[in-house]
Amino acid sequence: MADKAVRKKEGIWETIKTIFWALVIAGIFRTLFFQPFWIPSGSMKDTLLIGDFLFVNKMAYGYSRYSCPFAICPVSGRIFASDPQRGDVVVFRHPTRDVDFIKRLIGLPGDTVQMRGGRLWLNDEEVPLTPAGDFVETKERQGPQGLVPRCGNDPVPEGGDCVKERFTEMLPGAAGHDVLNITDGWVADDTATFTVPEGQYFFMGDNRDDSEDSRFPAQIGGLGFVPAEYLIGRADRIMFSSAGSSLLYFWTWRADRFFKAVL
């Protein structure tokens, strides 16, 4: 009887140790290599959809204190740093809200960035746009938050086709990517000229009329410029995608987006 009690106690202790080391290994993996990230909003459509699940490549830009959960890494600045490339889709810590954001890198240090009539100007040159057909989705609640998409053809009844203009944008030195336009004359379609400070970056969402990004200064509650220290990693590939409010709703899985590269 005593032997049985000892074996039971040892079994419980072994289980505790196994769980502990599993958590340690998972924490190291998450800190140094890849961090999971769910897409919560439509600001990066159609590159990323609500419900896309991806792993963030944390080796791409090196490490800062924001590489660790709860920003607990005892790191000043960045170590093993590499510069991000224009056009990268980047996950970073919001400088004032302490939450993770994902946007496309538009402006590098020293660049000037401006929106004129809904068109992007970079270093006083208009970035080329090519029509790429409409982006059409169903107007319905999306994801756990039940967000309803904005449509260029509103008013649209629930269940109807929600249409946005789609263009291919060609940033200098980068591959083309899709951007969406919902309406002309939106509040951030015309901006002042932003000059990106040294050591900071300018980000925008691909769904240009539905993105809170660097076009909105931090002083008025927006994102503003993002210091290099706040970069977490690069989004390289979608691993899984679900259009429903729960992963258990297998009929809402988007199989065509599994393992899709993020461009």
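What you are looking at is a predicted structure, and each value in this text was computed from that prediction instead of being measured. (Residues numbered from 1 in each chain as written. Predicted model: local features only at pLDDT ≥ 70, side-chain atom pairs only at ≥ 80, totals over all residues. Heavy atoms only, no water.)

**Quick notes on the side chain of Ser214**
Relative to the assigned elements, Ser214 resides in the loop between β13 (200–204) and β14 (226–227). A distance of 2.7 Å separates a polar side-chain atom of Ser214 from the backbone oxygen of Gly224. Discounting residues that sit within four places of it in the chain, Ser214 has contacts with Phe194, Tyr201, Phe202, Phe203, Leu223, Gly224 and Phe225. (Helix = DSSP H or I, 4+ residues; strand = E, 2+ residues; numbered from the N terminus. Polar contact = N/O pair within 3.5 Å; in protein donor to acceptor, adjacent residues only side chain to side chain. Contact = heavy atoms within 4.5 Å.)

**Some thoughts on the UniProt feature "active site" (unreviewed entry) in the chain**
Residues given the UniProt feature "active site" (unreviewed entry) here are Ser43 and Lys103. For this annotated set, covering 61 residues, all C-alpha atoms fall within 8.0 Å of each other, a compact arrangement in space. One can find Ser43 in the loop between β1 (34–38) and β2 (52–57). Look past the residues within four positions of Ser43 in its chain and what remains in contact with it is Ile102, Lys103, Gly205, Asp206, Asn207, Asp210 and Ser211. For Lys103, the location among the structural elements is in strand β4 (residues 100–107). Assessed through its relative accessible area of 4%, Lys103 is described here as buried. Contacts of Lys103, omitting those with residues within four sequence positions, involve Ser43, Met44, Asp88, Val89, Val90, Phe92, Phe203, Met204, Gly205, Ser211, Glu212 and Asp213. For Lys103, the side chain forms a polar contact with the side chain of Ser43, separated by 3.0 Å. (UniProt positions renumbered as here; feature names shortened; annotations may be inferred. Buried < 20%, exposed > 50% of the residue type's maximum accessible area, 1.4 Å probe, protein only.)

**Some remarks on the pattern of salt bridges**
Applying the stated criterion across every chain yields a total of 16 salt bridges. Here Asp206 ties to Arg104 by a salt bridge, and the two come within 2.8 Å at their closest N and O atoms. Pair noted here: Asp206 is in the loop between β13 and β14 and Arg104 is in strand β4, with a separation of 102 residues, a long-range link. Each member of the pair Asp206 and Arg104 is classed as buried. Ionic pairing is found between Asp154 and Lys139, a salt bridge with its closest N-O pair at 2.8 Å. Residue Asp154 is located in the loop between β9 (135–138) and β10 (161–169), and its partner Lys139 is located in the loop between β9 and β10; the two are separated by 15 residues in the primary sequence. A relative accessible area of 37% means that Asp154 is categorised as partly exposed. Its relative accessible area of 15% is what places Lys139 among the buried residues. Here the salt bridges do not stand alone but share partners, grouping Lys45, Glu137 and Lys164 into one network. (Salt bridge = Lys/Arg side-chain N within 4 Å of Asp/Glu carboxyl O.)

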